[in-house]
Amino acid sequence: MTQTTAPPEQNVRRRAVFFIPGFDPIGARRYRELYRSQGAEQAGISGYDLHVDGTPRGDGVYGWTAELRDGGVKSQADIRFLGWNDLVRDAMSDSALQAYWQMLRTAGIYIFSGALFRLIRLRSVPMVIALYPIFMLVLYFNLAFWLGTAASRLSPPGIDFVVGMAVFLTIIRLTRSYDQKHLYAFYLMSDYAFAARARGRMPKPLSRRVEEWTDLIAQRVGTVDEVLIVGHSSGAALAVHVVARLQRRGVGAVSLLTLGHVIPMVSFLPTAGDLRRDLRTVAGASDVYWLDVTAPSDGACFALVDPVATAGVAREADPNPVVISATFLRTMSEEQIKAYKRRYFRKHVQYLCAFGRPDVYDYFRITAGALTLRARFGSRGSTASRKTAPVSGHTGVDPCP
C-alpha cells in the first residue's frame, strides 16, 4: 500500500549515514546516481519530496546530501560512501588461470572445513548461486580443453601441441571476456575467494580500511541526531566490524542497517573468530539498534537468517538483531516483478531502490527521513519465520584486541 501520510513525530533533523557496499569493483558515483534516480522514483510513488545534492566532500570521502520533506516535516542526511572497491579490483585477477587456482583453493576450504554442507543446510538457494561460478568455470575449461584437443588432432604432427594449446588459451580468454559482460561467474569466484583468503579472517588491508572508517564515524557520533551505518551484501559483515569497534571505544549510540547479508559465507569458516566475536559484541550492545532486512525472493542472500544465532554465538538476553523481511513479492509492483523475474543480481540491489507498492521498508525514508531507525522499527519484533538454530561448525571467537 502506498504511504502518503506524514510521520507522526520527528526525532531526526540531521543524520549522518555511512554506506558500505558489497564486493563491487565499481565506485561511489554509481551508488550516488542509484540513490538519486531511485529516490526520485520512490518520492513520486510515496508522496514526499527528496532532493539529492552531489557536492564533493572536503575530507576525501565521497558523499552526497539528501533533504526529505514529508508532510511539512524536513530532515537532512549527509551520506558518505565507505569504499573498498580498490581492494576488490586488486582481488579480481586478470589471469584466467589464476581464477581457476582460486576456484580450487576456495572450494577446498569450504568443503574440507565442513562449511559448504552446513551452509547448504542453512539456505540451499544462495548456495546454488554460490556453486554457479564453479559450474561455469568447469564448463568453460571443458569447452576449451575439448576444442583444443580437436584442433590438436586435426593439425600436422610437429605443431599439433602448439595449435591445441593456442586454441585452448584462446577459448579460455574468449569465455572470460564474454562472462565478464554477461554471466559474472569469474566475478563471483573472486568474491568467494576473497572471503576465504584467510579461511574467514579479515584480510589485513581490509582491516586497516575498517579502522579508518571507524575513526571517521566516531567523529560524527554526538554531532547529529542519528548516526546510521548501512551494510549491503558482503558489506554487512564489514558494518558489523565497524560497529563492534565503535562499541569497544565506548563511542555511544549508533544505528545499524544490514541489507541482503551473506554473513554466514564468512562466519562459518574456521578462522572467522574475529567476525564471530564482533557479531556477539553488536548483538549484546543495548545502545545499538540493529535491523537486518532480507527477502526470500532474493536468492543471493541468506534470507531471514539471524547471522548471530546461526553462527552459534548468540546469548539469550541479546537485544540484536531484529530480523525482518522486505517482502519483495508484496512491495514490488507487478511490472517490477515481471521485469526482474530472472535478474537475480538486480534483485540483490532492490533494497537500495524504489518499490512500486511500498510498505514499512522504504530505504529513502530510513536514510533521509525524520525518524531514527529505532523509532521507526523499535515496536516491531523479528519475523517469526527467521532462522535462529545454530548451524555453524566453528563457533570460536577471538579475544578482544
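Not measured: the values here are computed from a predicted model. (Residues numbered from 1 in each chain as written. Predicted model: local features only at pLDDT ≥ 70, side-chain atom pairs only at ≥ 80, totals over all residues. Heavy atoms only, no water.)

Caption draft 1: Focus on the packing of helix 3 (residues 96-112) against helix 5 (residues 124-153). Between helix 3 and helix 5, the least distance of the axes is 11 Å, while the angle of their chain directions is 135°. Classified by the angle between their axes, helix 3 and helix 5 sit oblique to one another. In this structure, the crossing between helix 3 and helix 5 has a hand that is left-handed. Residues Ala 99, Tyr 100, Met 103 and Ala 107 of helix 3 touch helix 5, and the partners they reach there are Ile 134, Leu 137, Val 138, Tyr 140 and Phe 141. In terms of residue class, the contact of helix 3 with helix 5 is made up of nine nonpolar, no polar and no charged. (Axes fitted to C-alpha atoms, helices over the stretch in contact; angles between N-to-C directions. Helix = DSSP H or I, 4+ residues; strand = E, 2+ residues; numbered from the N terminus. Parallel < 35°, antiparallel > 145°, perpendicular 65-115°, else oblique. Left-handed = near helix turned anticlockwise from the far one by under 90°. Contact = heavy atoms within 4.5 Å. Nonpolar A, V, L, I, M, F, W, Y, C, P; charged D, E, K, R; others polar.)

Caption draft 2: Region of interest: the sheet that holds strand 2 (residues 49-53). The mixed open sheet is built from eight strands, whose spatial order is 2-3-4-1-5-6-7-8. Only two strands of the sheet have a single neighbouring strand rather than two, namely strand 2 and strand 8 (322-325). Neighbour to neighbour, the strand axes of the sheet diverge by 20° on average, direction disregarded. The strands touched by helix 8 (residues 204-220) are strand 1 (14-20), strand 4 (73-81) and strand 5 (226-232); relative to strand 1, the strand with the most contacts, the crossing angle is about 170°. (Pairing = 2+ DSSP bridges.)

Caption draft 3: Expanded view of the side chain of Ser 152. Turning to its location among the elements, Ser 152 is positioned in helix 5. Here the side chain of Ser 152 touches Asp 160 through a polar contact of 3.2 Å, landing on its backbone oxygen. Dropping the residues within four chain positions of it, Ser 152 is found in contact with Asp 160, Phe 161 and Gly 164. (Polar contact = N/O pair within 3.5 Å; in protein donor to acceptor, adjacent residues only side chain to side chain.)

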